[in-house]
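# Understanding the architecture of this molecule
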Amino acid sequence: MRDPSGALVLEVGPYVVAGSPEFAEKIGAIAAARSQAEVNLNCLFGVLLGATPEEAARELARCRTASEVTRKVRAVAGEVIQGPDFNSLSTLLGQLDHVRARRNRLQHDVWASKPSESGRLYVIHAKDYLDLAMRLVAVHTTAGTTGSEEAIERSMAFVETVSCGYSIADLAELETAIHSVSTALLRTMFQCLGLPIERS
């Protein structure tokens, strides 16, 4: 998107990430850490159920989202774990929900950059981007080329709303948080099995 003078003020698209290798690496690391955390959650679920691998797989297949698995883990844990151990697990599952929501922004939103702000990339919620696109289409449909001024005004107003940005440090912090939760889920599973926990 360009301002009325033609200066680029917001660039949107996958090439924003592709053109920023350090960001691309961190976003990939976050995706990998999140996948491991979800696998560790699934394993913990199977252990809490006391199920065979086939039974655990059937129960997990009934869940449409990772947050549904978390709810099921919490419910099953409430039946088999008591007191402070349950409270600790419940807190851990809350942390998982929190980092999952943060990670979802990175994976499901549209990436953008503001040339005026190096060292930072932004995410735009897909529905917000769709809303802008449809409004611009409506301007063009009703006003044709005479609506270009209105289209620029709408675009500039949209640029001002783009505020959810990330630095490399922000992404590194999220990766660390996801890894921490993932490791804690694995340790909890080992504790439920009564296995010794290797300290890292």
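Our structure's up above, just so we're on the same page.
Residues numbered from 1 in each chain as written. Predicted model: local features only at pLDDT ≥ 70, side-chain atom pairs only at ≥ 80, totals over all residues. Heavy atoms only, no water.

We now examine the overall build of the protein chain. From N to C terminus, the protein chain includes 8 helices and 4 strands. Mapped in sequence order, the helices and strands of the protein chain form the string β-α-α-α-α-α-β-β-α-α-β-α. For 200 residues, the compact-globule estimate of 2.2 N^0.38 gives 16 Å, and the C-alpha radius of gyration of the protein chain, at 22 Å, exceeds that figure by more than 25%. In terms of overall dimensions, the protein chain has a C-alpha envelope of 70 × 35 × 30 Å along the principal axes. Every one of the 200 residues in the protein chain was classed for burial, and the buried ones make up 33%. If you sum the accessible surface of the protein chain, you get close to 11,400 Å²; carbon and sulfur atoms cover 55% of it. Here the protein chain carries 20 positive and 24 negative side-chain charges, and the mean point of each set is 5 Å from the other. (Helix = DSSP H or I, 4+ residues; strand = E, 2+ residues; numbered from the N terminus. Rg over C-alpha atoms; globule rule 2.2 N^0.38 Å. Buried < 20%, exposed > 50% of the residue type's maximum accessible area, 1.4 Å probe, protein only. Areas by Shrake-Rupley, 256 points an atom, 1.4 Å probe, with all protein chains shown as cover. Lys, Arg positive; Asp, Glu negative; His and termini not counted. Charge placed at Lys NZ, Arg CZ, Asp CG, Glu CD.)

Time to look at the packing of aromatic side chains. The final tally for this structure, using the stated rule, is 1 aromatic pair. Arranged with centres 6.2 Å apart and planes meeting at 55°, the rings of Trp111 and Tyr166 form a pair that is tilted. Linking Trp111 in strand 2 (residues 110-113) with Tyr166 in strand 4 (residues 165-166), this pair joins segments that are 55 residues apart in sequence. Per residue, the accessibility class of Trp111 equals that of Tyr166, and both read buried. Over the aromatic face of Tyr122 sits the side chain of Lys114, whose NZ or CZ is 4.7 Å from the ring centroid. (Phe/Tyr/Trp six-rings, centres within 6.5 Å; stacked < 30°, edge-to-face > 60°. Lys NZ or Arg CZ within 6 Å of the ring centre and 35° of its normal.)

Below, the discussion takes up the pattern of salt bridges. What the rule picks out here adds up to 12 salt bridges. The salt bridge involving Arg100 is made with Glu38; its shortest N-O contact spans 3.2 Å. In this pair, Arg100 is assigned in helix 5 (residues 83-108) and Glu38 in helix 2 (residues 21-49), connecting sequence segments 62 residues apart. Glu38 shares its class with Arg100; the two are buried. Its salt-bridge partner being Lys127, residue Asp128 comes within 3.6 Å of it at the nearest N-O pair. According to the relative accessible area criterion, Asp128 is partly exposed, its value standing at 35%. With a relative accessible area of 54%, Lys127 lands in the exposed category. When salt bridges that share partners are traced, they join Arg34, Glu38, Asp97 and Arg100 into one network. (Salt bridge = Lys/Arg side-chain N within 4 Å of Asp/Glu carboxyl O.)

Turning our attention to the packing of helix 5 against helix 8 (residues 168-193). Contact geometry of helix 5 with helix 8 gives a least axis separation of 10 Å together with a crossing angle of 145°. Crossing of helix 5 over helix 8 shows left-handed handedness. Residues Leu89, Leu92, Leu93, Gln95, Leu96, Val99, Arg102, Arg103 and Leu106 of helix 5 form the contact with helix 8, whose participating residues are Asp170, Leu171, Glu173, Leu174, Ala177, Ile178, Val181, Ala184, Leu185 and Thr188. Of the residues that constitute the contact of helix 5 with helix 8, the class distribution is 13 nonpolar, 2 polar and 4 charged. (Axes fitted to C-alpha atoms, helices over the stretch in contact; angles between N-to-C directions. Left-handed = near helix turned anticlockwise from the far one by under 90°. Contact = heavy atoms within 4.5 Å. Nonpolar A, V, L, I, M, F, W, Y, C, P; charged D, E, K, R; others polar.)

Moving on: the packing of helix 4 (residues 66-80) against helix 5. Two numbers describe how helix 4 lies on helix 5: the axes approach to 10 Å, and their chain directions differ by 175°. Between helix 4 and helix 5, the crossing angle belongs to the class labelled roughly antiparallel. Across the interface between the two elements, Ala66, Ser67, Thr70, Val73, Arg74, Ala77 and Gly78 of helix 4 pack against Phe86, Leu89, Ser90, Leu93, Gly94, Leu96, Asp97 and Arg100 of helix 5. Each residue belonging to the contact of helix 4 with helix 5 can be placed in one class, and the counts come to 7 nonpolar, 5 polar and 3 charged. (Parallel < 35°, antiparallel > 145°, perpendicular 65-115°, else oblique.)

On their own, these measurements won't tell you what the molecule is for.
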